[in-house]
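Geometric and topological summary
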Amino acid sequence: MSVDIISKVIAQGHRLATHSWEYGAFSESLLEWYNPELSVFGASPFPHGKIPVVQVGQVKSLSYAEPHIWTNSTILVDGDGAAGDPASLAVSAILIGQTQSPYLSAAHRQVDHLLTTVPRWPNGAISHREDYAELWADFIYMAPPALAYWAIQDANHTLLRVAVEQCLLYRDALVVSPRRGDDDAAGLWHHILGPQNQDLGIWSTGNAWAAGGMARVFATAKKSPWARALTSDLAGLAAAIRDILDAAIALDKAEPKEPLLRNYLNDSTWFGELSGTTLLAATTYRMAKLEPRTFAKYVAWADSKRDRVLERIGDDGLLSPVINPLNWNDRTPGTESPEAQSFAVLLFSAYRDFHRKV
C-alpha cells in the first residue's frame, strides 16, 4: 500500500466525518497511525502508570479532535440522542487535558454522565441512548474504551473493571444463542436491543465495533498497573472477541465465492461490504499481537481479508462497496463511508504494528 493511497484514504476520512462517533473513530485511527506509541496498543502507553503528556500541536489526532470537543457541557459533543457516541472523543480529550485542563474536566464530566445519569438495561448495561434504555453493539467502541482510559487517568482500578464489565454485560444481552435458532451465528451479536430501534440482525459493522472496542479495553487493562489482578477480566474479553471471530470466519468460509463479509453476516441475500470486514481484520491483528497463543491462528484469515480490502480502495482513496452508515438496511452498495475510511487506517496501523518486532 503506497504512502500516496494511505494519504488519500485519510484525506477522504477527514472530508466525510460529520457525526460524533465519526469524529471519535477518525481521531482514534489517526492516533494509531501517526503516533502508535500513544495508542493503548503501543508498547508502553502508560509511562509510570500514567497518561502520557504530549504537545497537542505535535499530534495530528489531537489537533483534529480538539475543535470538535465541547468543554462547556456534560458531554463532549452533540450525540443526537446517543449517550455512547460522544464518549468516542474521550481518549482525545484526556490526552489534550494533560496540558489543557478544561479538556480534562470535560472528559471527567462525560465519564460521570455515563456512569450516573444515562439509563441502564435491567442487567446494568449502560444505555447507548440518552432518553431510554437501549443496547447497540456500536456502543462498545465508544464508551468502554473511554471508561478504561479514564480509569488510568484517575488511577482507578475499580473503574477499569467496570469498563470490562460493561463489555460483558452487553455481550450477555446481545450475543446470539444457539437456542434462538441461529446456530450458524452463535457467538456473534445482535445489532440493537430495545424499544425504539430494535434490530436483531447480525450486522457485520456492529460486530466489528464490538470486537474492536473490546480489543481497546483489553489492551488498556493488559498494559495498566493492575494487569495481574485483571487476569480473569482479560480472559472474559478475549473469549468474547474470539467467539465473534470464530463465527464470522466460519460464515465467511462457508461462502468462498464471496470475498467480503456480508452486511448481515448470516444472510446471503446481502452484499459483501468493506466496513465490517476491515475493522474485524484490524481487530484480528491487534489481538494476535496482544495474545498470540489464542489469536495467531486467525492471522491468515486477516491477511486474506486485508488483500481483498486493498483491492477495493480506489485511486481517490475511497473504499467501496460499503454499507450506508446511517441506514444499515440500505440494499444499495455505497461508495462513501466515513467509518470505512477510519477502519482502513486502523487496518493499516494494526498490520504494520503486528509485524513490528517490538
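So, here's what we can say about the structure. The shown structure was predicted, so the numbers you read here are calculated from the model rather than taken from an experiment. (Residues numbered from 1 in each chain as written. Predicted model: local features only at pLDDT ≥ 70, side-chain atom pairs only at ≥ 80, totals over all residues. Heavy atoms only, no water.)

**Remarks on empty space enclosed by the protein**
Going through the model one piece at a time under the given rule, you end up with 4 cavities of 30 Å³ or more. Around the largest cavity, the lining residues are Glu32, Phe41, Tyr141, Gly212, Ala215, Arg216, Leu279, Ala282, Thr283, Arg286, Leu346 and Ala350. When contributions to the lining of the largest cavity are tallied by element, the ones reaching two or more residues are helix H9 (204-222), helix H11 (274-290) and helix H14 (338-354). By residue number, the principal contributor to the lining of the largest cavity is H11, which donates 4 residues. Looking at the second largest cavity, its volume works out to about 70 Å³. As for the second largest cavity, its lining consists of Glu28, Leu31, Leu38, Ser39, Val40, Val91, Pro145, Tyr149, Arg216 and Thr220. (1 Å grid on protein atoms, 1.4 Å probe; cavity = no way out; pocket = protein on both sides within 12 Å on 5 of 7 lines; lining within 4 Å. Points joined across faces, edges and corners; volume = space filled by probe spheres on them. Helix = DSSP H or I, 4+ residues; strand = E, 2+ residues; numbered from the N terminus.)

**Some words on the packing of aromatic side chains**
Counted by the stated rule, this structure contains 13 aromatic pairs. Residues Tyr264 and Trp270 carry aromatic rings whose centres are separated by 5.4 Å and whose planes lie at 40° to one another, so their mutual orientation is tilted. A relative accessible area of 6% places Tyr264 in the buried class. Relative to Tyr298, the ring of Phe295 lies with its centre 5.8 Å away and its plane at 45°, an arrangement referred to as tilted. There is no split in this pair, since Phe295 and Tyr298 are both buried. (Phe/Tyr/Trp six-rings, centres within 6.5 Å; stacked < 30°, edge-to-face > 60°. Buried < 20%, exposed > 50% of the residue type's maximum accessible area, 1.4 Å probe, protein only.)

**Quick word on the nonpolar core**
Side chains of a nonpolar character, in soluble globular proteins, are inclined to be buried together. Judged by nonpolar contacts, the single largest core of 137 residues is most densely connected at Leu188, Trp189, Trp209, Met214, Leu280 and Leu319. Once residues within four sequence positions are removed from consideration, Met214 is found in contact with Ile140, Cys167, Trp189, Leu237, Ala240, Ile241 and Ile244. (Core = buried A, V, L, I, M, F, W, Y, C linked by side-chain atoms within 4.5 Å. Contact = heavy atoms within 4.5 Å.)

**A look at the packing of helix H13 (residues 299-311) against H14**
Close contact between H13 and H14 brings their axes to 12 Å; oriented N to C, the two are set at 135°. In terms of axis orientation, H13 runs oblique to H14. In this structure, the crossing between H13 and H14 has a hand that is left-handed. Across the interface between the two elements, Val299, Asp303, Arg306, Val309 and Leu310 from H13 touch Leu347, Phe348, Tyr351 and Phe354 from H14. Classifying every residue of the contact of H13 with H14 by side-chain character gives 7 nonpolar, no polar and 2 charged. (Axes fitted to C-alpha atoms, helices over the stretch in contact; angles between N-to-C directions. Parallel < 35°, antiparallel > 145°, perpendicular 65-115°, else oblique. Left-handed = near helix turned anticlockwise from the far one by under 90°. Nonpolar A, V, L, I, M, F, W, Y, C, P; charged D, E, K, R; others polar.)

**So, the environment of Leu347**
When you line up the elements, Leu347 lands in helix H14. Residue class for Leu347 comes out buried when judged on its relative accessible area of 0%. C-alpha separation for the pair Leu347 and Ala65, spaced 282 residues apart in sequence, amounts to 20 Å. Apart from residues lying up to four places away in sequence, Leu347 is in contact with Thr278, Ala281, Ala282, Tyr285, Arg306 and Val309.

**Here's the deal with the environment of Ala146**
Here Ala146 lies in helix H7 (residues 144-153). A relative accessible area of 2% places Ala146 in the buried class. Along the backbone, Ala146 and Gly84 are 62 residues apart, and their C-alpha atoms lie at a distance of 9.6 Å.

**Brief notes about the side chain of Ser61**
Position of Ser61 relative to the elements: it lies in helix H3 (residues 60-65). Since its relative accessible area comes to 1%, Ser61 is described here as buried. Here Ser61 is in contact with Ser27, Leu30, Leu31 and Ser92, once residues within four sequence places are set aside.

**Considerations on the pattern of salt bridges**
Side-chain pairs of opposite charge can arise where the charged atoms are in close proximity. One pass over the structure, following the stated rule, counts 14 salt bridges. Residue Asp353 pairs with Arg352 through a salt bridge whose shortest N-O separation is 2.8 Å. Judged by its relative accessible area of 10%, Asp353 falls in the buried class. Among the ionic contacts, a cluster of salt bridges with common partners joins Glu32, Arg286, Arg352, Asp353 and Arg356. (Salt bridge = Lys/Arg side-chain N within 4 Å of Asp/Glu carboxyl O.)

**Comments concerning helix H8 (residues 157-174)**
Along its 18 residues, H8 runs 26 Å from first to last C-alpha, staying within 8% of the 26 Å computed at 1.5 Å per residue. The opening residue of H8 is Asn156, an N-cap whose side-chain oxygen sits 3.1 Å from the backbone nitrogen of Thr158. (Expected span 1.5 Å × (residues − 1). Polar contact = N/O pair within 3.5 Å; in protein donor to acceptor, adjacent residues only side chain to side chain.)

**Some points on helix H1 (residues 3-16)**
Between its first and last C-alpha, H1 extends 20 Å over 14 residues, near the 20 Å set by a 1.5 Å rise per residue. Every buried residue of H1 is accounted for by Ile5, Ile6, Val9, Ile10, Gln12, Gly13 and Leu16. For H1, the angular spread of the buried residues around the axis is 160°, confining them to a single face. Along its buried surface, H1 packs onto helix H2 (20-34) and H14. (Arc of directions from axis to C-beta.)

**Notes on the side chain of His113**
With respect to the helices and strands, His113 occurs in helix H5 (residues 101-116). Here His113 falls in the buried class, since its relative accessible area comes to 10%. If near-sequence neighbours (up to four positions away) are discounted, His113 is found in contact with Thr74, Ile75, Val118 and Glu130.

**Points about unusual backbone geometry**
Note on backbone geometry: most residues besides glycine have negative phi, and most peptide bonds are trans. With an omega of 10°, the peptide bond between Ser320 and Pro321 qualifies as cis. The residue Pro321 is located in the loop between H13 and H14 in this model. Even without glycine at this site, Ala155 takes up a positive phi of about 50°. Residue classification places Ala155 among the exposed positions, given a relative accessible area of 59%.

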